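Residues per chain, in single letters:
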Amino acid sequence: MKAHILATVAAAALLAGCTTTPGGEVETMAQASIPEGTGYFASDSTLPFKAPDFTKISEDDYVPAFEQGMAIHSAEIQAIIDNPEAPTFENTIVALEKSGQMLGRVATVFFALTGSNTTDRLDAINTEISPKLTAHGDSITLNPALFARVKAVYDNRAAMSMTREDAKLLEDTYEGMVHAGALLTDAQRERVKAINTELSEVTTEFGLAARSAMADQPLIVDTKAELAGLSDADIKAAADLATEKGHPGKFAIALQNTTQQPLLPTLTNRATREKLFQLSFHRADGQRAKDTRMMLAKIAKLRAEKAALFGEPDWATYAMWDRMAEKPKTALDFMEQMVPALAATQRREAEVLNAAIKKDGGNYTVKPWDWYRYANKVKAERYSLDEDAMSEYFQMDKVLEDGVFYAAGKLYGLRFERRTDLPVYHPDVWTYTVFDRDGSELGVFYFDPFQRPSKRGGAWMSNFVDQSKLWNNKPVIYNVLNIPKAPEGEVQLVSFDNVNTMFHEFGHALHGFFANQMYPSLSGTATARDFVEYPSQVNEVWATYPEVLANYAKHYKTGAPIPQSMIDKIEEASKFNQGYDFGEVVAAALLDMKWSALSPAEAAAIDTPEKVDAFERKSLEDLGLEIDLVPPRYRSTYFNHIFSSPSGYSAGYYSYLWTEMLDRDSRKWFMDNGGLTRANGDHYRATVISQGGTMDYFEMFRNFAGRNPDVTPMLEARGLVTEPK
Ligand SMILES: [Zn+2]
């Protein structure tokens, strides 16, 4: 989840050079032309750990601080360019890394609050300031005079003596600017600009059309009988929607963004199920009023052309430059490895569902519109889970202190002390000092658990202060969740899902706390998109580890330990229906990669709507998945993640699967080596979660596990085995 907020702040607070780190005194750059900032954000916080002093920040501070922060940053960049001395690592790369401190300070606090405790005023400032921050970022990344100095240092790198981290900072700075277009000729740059404009237009058009295909094409049925199975409330909502859409007296079911539709399992009328599914599946492929096929073909073609201008064979290669997987082939091979087990599981699951249909008196075989109806039935029979009864064992403060913190103590030797002296942005935020294995202070942890209207959905982690030796900063880290708050006076319980989320987000926090870097832009969680979710996922394993569970999961009234049978059921249920649940995600990820890996000639050849259909079909069929049983979670024609913005998650949808592979393989390593031990924790810390973005991720993994990552543990964890059970 970190990636989302990180991306926002990084995009807002610049790609090259600027960090989101509140740092020490801005280095005097000799040039007198650098303006002085004023107000709270002009200097570091004087609180312990430079933690933000929310008692001193008012909403009036942000706009002037952003304006001043950008002006100072621009002047600092100009000073680097104007430096009469020849470019060196120190006077160019490090100077760039040090620039933008005030902007970083204001952006860090501002984007933390717009996420977790926003107001109308903050939202309005966000709308006003975001395009200015983007333009400011571009003015640095695309500055030719600055690039000339960066390139001079880069070209001389073989002759320089640098630490590994110095070398990585230099490489990232240089490659980041090259990726933005610094090496292009003027003519190429003009063409890239034109492509960007076209991409921006056509992706917006796609997004609107896909949205309209969903919102403006509800399923309309004439009679209530066709909606049998739905609750009275759902039927009333359907009648209201029909009236709203100009069909009074009829019933309407709105489409959701995925191929599967949430009401399908409840509808008992098979014909209605099929109609709803077919409408969803064909919502934008020309079989109804909407057709996005030529839009997405154009997007694929423009992206391939843009990649070619950068000398890359395809869009995926261009987009994946800073990823762990790096090349589309690596991601494709990885996914293709899963196909045999996945397809076998899909066939096996279909047989189970066919038996359930037969038992139910049906004389047909399962189709996608029947799938969840029968899967849910079988699941309820096999694993009846009472989630409310379960949550009685999960008292929030115990989960945090006796579960999450306890595991971190056992593994890494950490100790936590609640503190009440630091100002917080909302009374429900708790703070802790984190002490390291040697007793020294490691950093500060903010825990902001509850749902509230001023918070966006989901859960995430980020830093108020990034660890960095450059500024002598220790990490100040927050976890934000959306746990429904118990009524006043009642014990705060949490669902098992939220227990997992607490362990997950704290896994990101550990990645931040164990950062041991010189430079903030390489520190802690500043890692690739297909890597950053890995340490957080690994930390989830301790939620159900017997020793940890015994320490925190006790009934809030009786103190009785959670029955092992409850935990076993969860583990078993998590392997159920993976042929579909996992299969539809794999199909979507493969489709994303196939569209992204087209050469310019291949992309240009897909020039009719029929060829779009054929390409999609062939891409999926070639793989051997049972696509008529388990279609992709999104078809190309409504795959917003990859087609509704100029880059978005294109060539990146596989990341979820990739980090899961790293996660599951690492869990196996822990279990093979004795589980929850200090030796294991110290080894993981030393090899992976203290390394930030300073080295090749495969090398990092090999240092940890002694070999390359293997997909088998992930397949096993999801119950995807080739031989029938
Ligand atoms: Zn996460």
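Criteria and cut-off values
Residues numbered from 1 in each chain as written. Predicted model: local features only at pLDDT ≥ 70, side-chain atom pairs only at ≥ 80, totals over all residues. Heavy atoms only, no water. Helix = DSSP H or I, 4+ residues; strand = E, 2+ residues; numbered from the N terminus. Rg over C-alpha atoms; globule rule 2.2 N^0.38 Å. Buried < 20%, exposed > 50% of the residue type's maximum accessible area, 1.4 Å probe, protein only. Contact = heavy atoms within 4.5 Å. Lys, Arg positive; Asp, Glu negative; His and termini not counted. Charge placed at Lys NZ, Arg CZ, Asp CG, Glu CD. Pairing = 2+ DSSP bridges. Axes fitted to C-alpha atoms, helices over the stretch in contact; angles between N-to-C directions. Parallel < 35°, antiparallel > 145°, perpendicular 65-115°, else oblique. Nonpolar A, V, L, I, M, F, W, Y, C, P; charged D, E, K, R; others polar. Expected span 1.5 Å × (residues − 1). Arc of directions from axis to C-beta. Polar contact = N/O pair within 3.5 Å; in protein donor to acceptor, adjacent residues only side chain to side chain. Salt bridge = Lys/Arg side-chain N within 4 Å of Asp/Glu carboxyl O. Patch = residues over 30% accessible without salt bridge, like charges linked within 9 Å, V, L, I, M, F, W, Y side chains within 5 Å. Areas by Shrake-Rupley, 256 points an atom, 1.4 Å probe, with all protein chains shown as cover. Core = buried A, V, L, I, M, F, W, Y, C linked by side-chain atoms within 4.5 Å. Left-handed = near helix turned anticlockwise from the far one by under 90°. Phe/Tyr/Trp six-rings, centres within 6.5 Å; stacked < 30°, edge-to-face > 60°. Lys NZ or Arg CZ within 6 Å of the ring centre and 35° of its normal. pLDDT = per-residue confidence, 0-100.

Below, the discussion takes up the overall build of the chain. In terms of helices and strands, the chain carries 28 helices and 7 strands. Taking 725 residues into account, the globule formula puts the C-alpha radius of gyration at 27 Å, and the chain, at 27 Å, falls close to it. With the C-alpha coordinates of the chain rotated into their principal frame, the extents come out at 85 × 70 × 55 Å. The proportion of buried residues among the 725 residues of the chain is 56%. Contacts spanning at least 24 positions in sequence make up 76% of the contacts within the chain whose residues lie at least 6 apart. With 75 positive and 99 negative side-chain charges, the chain shows a spacing of 4 Å between the two charge centroids.

Strands sit in the order β3-β4-β5-β7-β6 across an open sheet of 5 strands; the sheet is mixed. On the outer flanks of this sheet lie β3 (415–419) and β6 (460–465), each paired with one strand and no other. Across the sheet, the mean angle from the axis of one strand to that of its neighbour is 25 degrees, orientation sign disregarded. Relative to strand β7 (residues 476–483), β6 runs antiparallel, the two being bridged by 5 bridges. Paired with Met461 across the strands is Asn479, a residue of β7. Helix-sheet contacts for helix α4 (residues 101–116) involve β5 (441–450), β6 and β7, and the interaxial angle to β6 is about 150 degrees. Lying over the sheet, helix α17 (residues 496–513) contacts β3, β4 (430–435), β5, β6 and β7, oriented at roughly 165 degrees with respect to β7.

Two elements in contact, helix α2 (residues 62–82) and helix α5 (residues 120–141), have axes separated by 11 Å at closest approach and are oriented at 5 degrees. In terms of their interaxial angle, α2 and α5 are classed as roughly parallel. Of α5, the residues touching α2 (which contributes Tyr62, Val63, Phe66, Glu67, Met70, His73, Ser74 and Ile77) are Leu122, Ile125, Glu128, Ile129, Lys132, Leu133, His136 and Ile140. Of the residues that constitute the contact of α2 with α5, the class distribution is 10 nonpolar, 3 polar and 3 charged.

To continue, consider helix α23 (residues 609–623). In an α-helix, one turn spans 3.6 residues, which is why side chains three or four residues apart end up on the same side. In this model, α23 (15 residues) spans 22 Å end to end at C-alpha, consistent with the 21 Å of a helix rising 1.5 Å per residue. Residues Val612, Phe615, Glu616, Ser619, Leu620 and Leu623 constitute the buried set of α23. Considered in projection along α23, the buried side chains sweep an arc of 115 degrees and stay on one side of the axis. Set apart from the buried face of α23 by more than 90 degrees, the exposed residues are Glu610 and Lys618.

Here the focus is the environment of Ser644. The topology assignment puts Ser644 in the loop between α24 (640–643) and α25 (655–672). Between the alpha carbons of Ser644 and Ala210 there is a distance of 8.5 Å; along the sequence they are 434 residues apart. Of the polar contacts made by the side chain of Ser644, one reaches the backbone oxygen of Asn640; its length is 2.8 Å.

Below, the discussion takes up the pattern of salt bridges. Inspection of the entire model under this criterion finds 44 salt bridges. The closest approach of N and O atoms between Glu616 and Arg635, which form a salt bridge, is 2.8 Å. Of this pair, Glu616 sits in helix α23 while Arg635 sits in the loop between α23 and α24, placing them 19 residues apart in sequence. As far as the burial class goes, Glu616 and Arg635 line up, both buried. The partner of Asp663 in a salt bridge is Arg667, with the nearest N and O atoms 2.7 Å apart. In this pair, Asp663 and Arg667 are both assigned in helix α25, 4 residues apart and thus about one turn of the helix distant. The buried category is assigned to Arg667, whose relative accessible area is 12%. The network of salt bridges with common partners includes Arg191, Glu198, Lys298 and Glu305.

A cluster of acidic residues, Asp386, Glu387, Asp388 and Asp497, forms a negative patch on the protein surface. Assignment of secondary structure puts Glu387 in helix α15 (residues 387–391).

If you look at the biggest cluster of nonpolar residues, it comprises 150 residues, and the most contacted ones within it are Met338, Phe394, Phe445, Phe503, Trp542, Tyr552 and Trp595. The element contributing the most residues to this core is helix α21 (residues 578–596), with 10 residues. Other than its neighbours up to four places away in sequence, Phe394 contacts Val399, Gln492, Leu493, Val494, Ser495, Phe496, Val499, Tyr552, Ala553 and Ile562. Residues Phe49, Ala51, Tyr425 and Val444 belong to the second largest nonpolar core, which totals 38 residues.

Attention now goes to the pairing of β7. Across the 8 residues of β7, 8 count as buried, placing the element largely inside the fold. Across the two faces of β7 the burial is the same, with Val476, Tyr478, Val480 and Asn482 and Ile477, Asn479, Leu481 and Ile483 all buried.

Another point: the packing of helix α26 (residues 678–689) against helix α27 (residues 697–705). Where α26 meets α27, the closest approach of the two axes is 8 Å, and the angle between their N-to-C directions is 165 degrees. When the axis of α26 is compared with that of α27, the two are roughly antiparallel. Viewed along their axes, α26 and α27 form a crossing whose handedness is right-handed. Contacts from His683, Tyr684, Thr687 and Val688 in α26 reach Met700, Asn703 and Phe704 in α27. Looking at the contact of α26 with α27, its residues break down into 4 nonpolar, 3 polar and no charged.

All right, on to the environment of Glu175 then. With respect to the secondary-structure elements, Glu175 resides in helix α7 (residues 164–180). Sequence separation of Glu175 and Trp471 is 296 residues, and the distance between their C-alpha atoms is 24 Å. Contacts of Glu175, omitting those with residues within four sequence positions, involve Tyr154 and Trp321.

A word on the packing of aromatic side chains. Evaluated as defined, the whole model comprises 56 aromatic pairs. Plain terms: the ring middles of Tyr534 and Tyr684 are 6.1 Å apart, the flat faces sit at 80 degrees to each other, and that makes the pair edge-to-face. Of this pair, Tyr534 sits in helix α18 (residues 534–539) while Tyr684 sits in helix α26, placing them 150 residues apart in sequence. In this pair, the class of Tyr534 matches that of Tyr684, namely buried. Three or more aromatic residues joined by ring pairs form one cluster here, namely Phe531, Tyr534, Trp542, Tyr545, Trp669, Phe670, Tyr684, Tyr697, Phe701 and Phe704. For Arg157, the ring lying beneath its charged end belongs to Tyr154, and the centroid distance is 3.8 Å. Against the face of Tyr364 rests Arg270, its NZ or CZ located 3.6 Å from the ring centre.

Within the fold, Asp285 resides in the loop between α10 (270–281) and α11 (293–309). If we skip the residues at most four places from it in the chain, Asp285 touches Lys290, Asp291, Arg293, Asp613, Arg635 and Thr637.

Despite not being glycine, Lys50 has its phi angle at roughly 60 degrees, a positive value. Checked against the element boundaries, Lys50 lands in the loop between α1 (2–13) and α2. One non-glycine residue, Glu326, lies in positive phi territory at about 70 degrees. With respect to the helices and strands, Glu326 occurs in the loop between α12 (315–319) and α13 (328–359).

Turning next to the side chain of Ser212. Mapped onto the secondary structure, Ser212 falls in helix α8 (residues 186–215). On the basis of relative accessibility, which here comes to 15%, the residue Ser212 falls in the buried class.

With that out of the way, let us pick up the confidence of the model for the chain. When pLDDT is averaged along the chain, the result is 93, and 95% of the positions lie at 70 or above. Per-residue pLDDT stays below 50 along residues 1–31; that stretch engages in 99 contacts with residues further than four places along the chain or on separate chains.

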